[in-house]
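Analysis of the macromolecular model
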Amino acid sequence: MEPAKKAPSETPSPTPSVIPGSEILWDTLVHLGVDTVFGYPGGAIMPAYDSMIKYPIHHVLVRHEQGAAHMADGYARVSGKVGVCVATSGPGATNLVTGIANAMMDSVPMVAITGQVPSGLIGSDAFQETDITGVTLPITKHNIVVSRPEDISPALKEAFYIAKSGRPGPVVVDITKDAQQKSCHYAYDPSPVVLPGYRPARAVPNAEIQRAIAMIAEAERPILFCGHGVIWSGASQVLQELVEKADIPVACTLLGLGGFPASHPRALGMMGMHGEAWVNRAVQESDLVIAVGMRFDDRVTGNLKTYTPHAKKIHIELDPAEINKNVRVDLPLVGDACEILHQIVPHVRRGKVDAWLQHVAALRGDRAVIDIRDLPDNGKLYAAHVIMDLWKMTDGKAIVVTDVGQHQMWETQYYKHDFARRLVTSGGLGTMGFALPAAIGAKFADPSAEVWVIAGDGGFQMTAAELSTIAQEDIKVNVAIINNGFLGMVRQWQQFFYGGRYVATPMRSPDFVKLADAHGLLGLRATNRQEVAEVVAKARAHSGTVVIDFRVVQEDSVYPMVPSGADLHDMIRRPATEAAAAPAAETSHNPIFETGEDE
Amino acid sequence: MFTPASTPILRTFVAYVEDKPGVLNRIASLFRRRNYNIVSLNVGRTHEPGISRMTFQVEADRDMALRIEANLYKMVNVLSIEDLSETQRVVRDLALIKVQVQPPRRSEVLDLVQIFRARAVDVSPETMMVEITGDQGKIEGMVAALRPFGILEMVQSGTVAMSRGSQGEAARSAHGARSPVSSVA
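Small disclaimer: the values here were computed from a predicted structure and weren't measured. (Residues numbered from 1 in each chain as written. Chains lettered and ligands numbered in written order. Predicted model: local features only at pLDDT ≥ 70, side-chain atom pairs only at ≥ 80, totals over all residues.)

1. Some details on the overall build of chain B
Looking only at helices and strands, chain B features five helices and nine strands. Along chain B, helices and strands appear, N-terminal first, in the series β-α-β-β-α-β-β-α-β-β-α-β-β-α. Counting only residues that meet the buried cut, chain B has 32% of its 185 residues in that class. Nonlocal contacts in chain B, meaning residues at least 24 apart in sequence, comprise 75% of its contacts between residues at least 6 apart. (Helix = DSSP H or I, 4+ residues; strand = E, 2+ residues; numbered from the N terminus. Buried ≥ 20, exposed ≤ 12 C-beta atoms within 10 Å, placed from the backbone. Contact = placed C-beta atoms within 7 Å.)

So this is what it looks like as structure tokens:
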């Protein structure tokens, strides 16, 4: 075996050299444009780690492999590139599983590289052996086992191509230890990947485009749905052209937020279970739905039997398997959203929509009456207010990475995103613990960006160990913990649907200020609205990572709410009394929180 | 608008897949995950090296059939997929049936074998093995006729199918890139 002295491959040698698989791995990744990976070493991936040092790769050492997968996910969502995470066999690989499933549900391009026991030991229940391709089969777009050094480079090229093209998704490449150790002739092959059975791109027949144009021209109450696919196909601008030319109001899915500017006059906001009332009303009253890059998730539609009863539907979607899955559509346009919209826009005509636009504008008036946005300061701190103030102080330009739960829904209601890839959130899988690691990935994707984590006290603690990663990497993110001493969303469901029995939802947390301090980070706390501006300003001015403990009202709920499976127009609203006068005499059911030493 | 789905029928699909380890597992896993119930599944080699052909039957309505097609179409190792249910096709099963029969009654079994255009492929002092190909109905008829003699064991292949004439262009070409949904509208 020749001593590996290959220079980092800014100048790849055209003549094949004999190098070990562990070097082929990094050389290929560098050629594929990778400069940052998130991972954790271990026995079966050690040869690869040993070779990493020779290549221009920054490795972020995580504290748990789930964090590595979420970091790669956050990195991909912000950069638009493929995120890469690395783990060893067995527990290293299985710890990635939640993060891989999360990327699958939200169509995020990710390549997870796992070490595997030597090929001769496969099937023998060797130490740290797990059939990770078997485990991840239903939660990956594709996965590949590699047991020869010759196959490493083609497998990685395939993985990147599959992860990024078409409807993106995670790909696992499982590489045996002996494939990393053995050497072979290698020169990077820049030719494109050919996969005969994989056809991500399709053209839409012109007749179908013409039919869409006719349907839009005939519509009197059109509405457009902006989904995650708009962001991944880069269709924001052409979508805006369509909306302006045809005067169509736009509702976003959770992951579509930012795909269409929230401050645009035609923007309605998010639809679905916690969409504002006027958005869901407009959806239900529409006579034409133009759904772009979305999949009619149950959180978006509510009861399918009563969903959009008057609307014809055009479904612009890359994935043919999403057509007629949940909702029957009249015109499926299967292909890239950006291309299809470019075909439609030049010929699109405005329908007779004046009355509709007036009606939609009137529906909005309803908000101020029942919402807490305009509540006078009553000495209590509301999560909504924290997020609204954060939005104002960051000029709506921060990258916000949310966890999952009440705070996530309030974020969608009160932080207005005008730009794509500035909201990073776990939609399909609803993975608590996503925010902190995903924010680390987001920061590496855009180091100059102001990154804010918004997490609940529950979700934050699921992956709080990644604070150490932050400290070690010496990066700056701002962490806003919306701390209500409860698993808030579950508590809300218990309040609404389980007779107010708060089983296993009161939660005692560590002192987050001290926790930050223990990591060498700055910890701050706010308990009323005046303090919000102060701590946010302090956090923004501080050069390192700041963790803020926002002690918010404990038993607040997210309104409106469409109960699971209910009709979309059947919403639970904030009680009028609560909206008009603040709930000054709040009764607490949570003794844990009240005994905190800061109270 | 919510419209009721069409009635589920037994549908026959043909797929060309890459002959690689784990491909069958991927397809079986997809069916399990999406809750499609496979009635019959057959995989075998084709005249093209490296390419296997699958025939599978699923109870599905039209919408589900289109989604099955689309989900398989998405799989990296699936080269082409076609629903033969609404085309002219030849559908065959093969069965081997071992019957308990002593020499004096062999001719009765052979008569039945002839009527069904089956074949006797093995004989012993106590038994006779019958091979029959045909659709499911024909095989069931043979089984019913032989049952009075005493069936010792029986095995049946999965169903295989092929479209008649020059139909099924997409399925015949390993590189056929037919869109599974463009015909919906």
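2. Remarks on the overall build of chain A
Secondary structure summary: chain A contains 26 helices and 20 strands in total. Expected size for 599 residues packed as a compact globule is a radius of gyration near 25 Å; at 25 Å, chain A falls within 12% of this value. Counting every position in chain A, which comprises 599 residues, the buried fraction comes to 54%. Pairs at least 24 residues apart make up 77% of the contacts formed inside chain A by residues separated by at least 6 positions. (Rg over C-alpha atoms; globule rule 2.2 N^0.38 Å.)

3. Brief notes about the domain arrangement of chain A
A common way to state how big an interface is: give the accessible area lost once the parts meet. Residue and element names in this part refer to chain A. Taken as a whole, chain A is organised into domain 1 (17-186), domain 2 (206-364) and domain 3 (370-594). Distance from the C-alpha centre of domain 2 to the C-alpha centre of domain 3: 29 Å. With five residues, helix H12 (residues 277-285) is the single largest residue contributor to the side of domain 2 that touches domain 3. Classifying every residue of the side of domain 2 that touches domain 3 by side-chain character gives 11 nonpolar, 11 polar and two charged. (Domains from an automatic or database assignment. Nonpolar A, V, L, I, M, F, W, Y, C, P; charged D, E, K, R; others polar.)

4. A closer look at the confidence of the model for chain B
Looking at chain B, pLDDT values average 87 and 87% of them are 70 or higher. Two numbers describe this predicted complex: its pTM, 0.91, and its ipTM, 0.84. (pLDDT = per-residue confidence, 0-100.)

5. Describing the domain arrangement of chain B
Residues and elements named next belong to chain B. Examined at the domain level, chain B breaks down into domain 1 (9-87) and domain 2 (90-160). Of note, the centres of domain 1 and domain 2, computed from C-alpha atoms alone, are 29 Å apart. Taken together, the six residues of domain 1 in the interface contact five residues of domain 2. Of all elements in the fold, only strand S2 (38-45) and strand S3 (51-60) reach the threshold of two or more residues within the side of domain 1 that touches domain 2. No other element matches S2, which puts three residues into the side of domain 1 that touches domain 2. Of the residues contributing to the side of domain 1 that touches domain 2, the split by class is one nonpolar, five polar and no charged.

6. What about the packing of helix H11 (residues 236-246) of chain A against helix H14 (residues 337-344) of chain A?
All names here are of chain A. Where H11 meets H14, the closest approach of the two axes is 9 Å, and the angle between their N-to-C directions is 30°. Where H11 crosses over H14, the two elements pack in a sense that is left-handed. Between H11 and H14, the residues in contact are Val 238, Leu 239 and Leu 242 and Cys 338, Leu 341, His 342 and Ile 344, respectively. Along the lines of polarity and charge, the residues of the contact of H11 with H14 split into six nonpolar, one polar and no charged. (Axes fitted to C-alpha atoms, helices over the stretch in contact; angles between N-to-C directions. Left-handed = near helix turned anticlockwise from the far one by under 90°.)

7. Some details on the sheet that holds strand S20 (residues 546-551) of chain A
Residues and elements named next belong to chain A. With parallel pairing, the six strands of this open sheet are ordered in space as S16-S15-S17-S18-S20-S19. Looking at the sheet topology across the chains shown, the edges are occupied by strand S16 (423-424) and strand S19 (522-526). Pairing of strand S17 (residues 451-456) with strand S18 (residues 478-483) involves five bridges; the strand directions are parallel. Residue Ala 455 lies in a different strand from S18, and its bridge partner there is Ile 481. (Pairing = 2+ DSSP bridges.)

8. Topic: the pairing of strand S6 (residues 119-123) of chain B
Strand residues, when the strand is regular, have side chains that alternate between the two faces of the sheet. Within S6 of chain B, only zero of the five residues are buried, which leaves the element largely exposed. In this antiparallel pair of consecutive strands, S6 of chain B and strand S7 (residues 127-134) of chain B, the connection spans three residues.

9. Things to note about helix H7 (residues 149-164) of chain A
All names here are of chain A. Taking 1.5 Å of rise per residue, the 16 residues of H7 would be expected to cover 22 Å, and the 24 Å separating its terminal C-alpha atoms lies within 8% of that figure. Of all the 16 residues making up H7, 12 are buried; the element is thus mostly covered by neighbouring parts of the structure. Where H7 is concerned, the buried positions are Pro 149, Ile 152, Ser 153, Ala 155, Leu 156, Glu 158, Ala 159, Phe 160, Tyr 161, Ile 162, Ala 163 and Lys 164. In the stretch just after H7, Gly 166 is the one whose phi turns positive, near 60°. (Expected span 1.5 Å × (residues − 1).)

10. Let's talk about the sheet that holds strand S4 (residues 78-83) of chain B
Residue and element names in this part refer to chain B. Here we have four strands laid out as an open sheet, ordered S2-S3-S1-S4, and antiparallel in their pairing. A single partner strand is all that each edge strand has here, and the edge strands are S2 and S4. Going across the sheet, the axis of each strand differs from the next one's by a mean of 15°, ignoring polarity. In terms of strand pairing, S2 meets S3 through seven bridges, oriented antiparallel. Across the sheet, residue Ile 38 finds its bridge partner in S3, namely Val 58. Packed onto the sheet, helix H2 (residues 62-74) meets strand S1 (9-18), S3 and S4 and runs at close to 170° relative to S4.

11. A short note on unusual backbone geometry
Residues and elements named next belong to chain A. The omega torsion of the bond from Tyr 559 to Pro 560 falls at -10°, within 30 degrees of zero and hence cis. Structurally, Pro 560 can be placed in the loop between S20 and helix H25 (576-580). In this structure, Asp 247 takes a positive phi of about 55° despite not being glycine. Structurally, Asp 247 is set in the loop between H11 and strand S10 (250-252). What makes Asp 247 partly exposed here is the crowd of 15 C-beta atoms within 10 Å.

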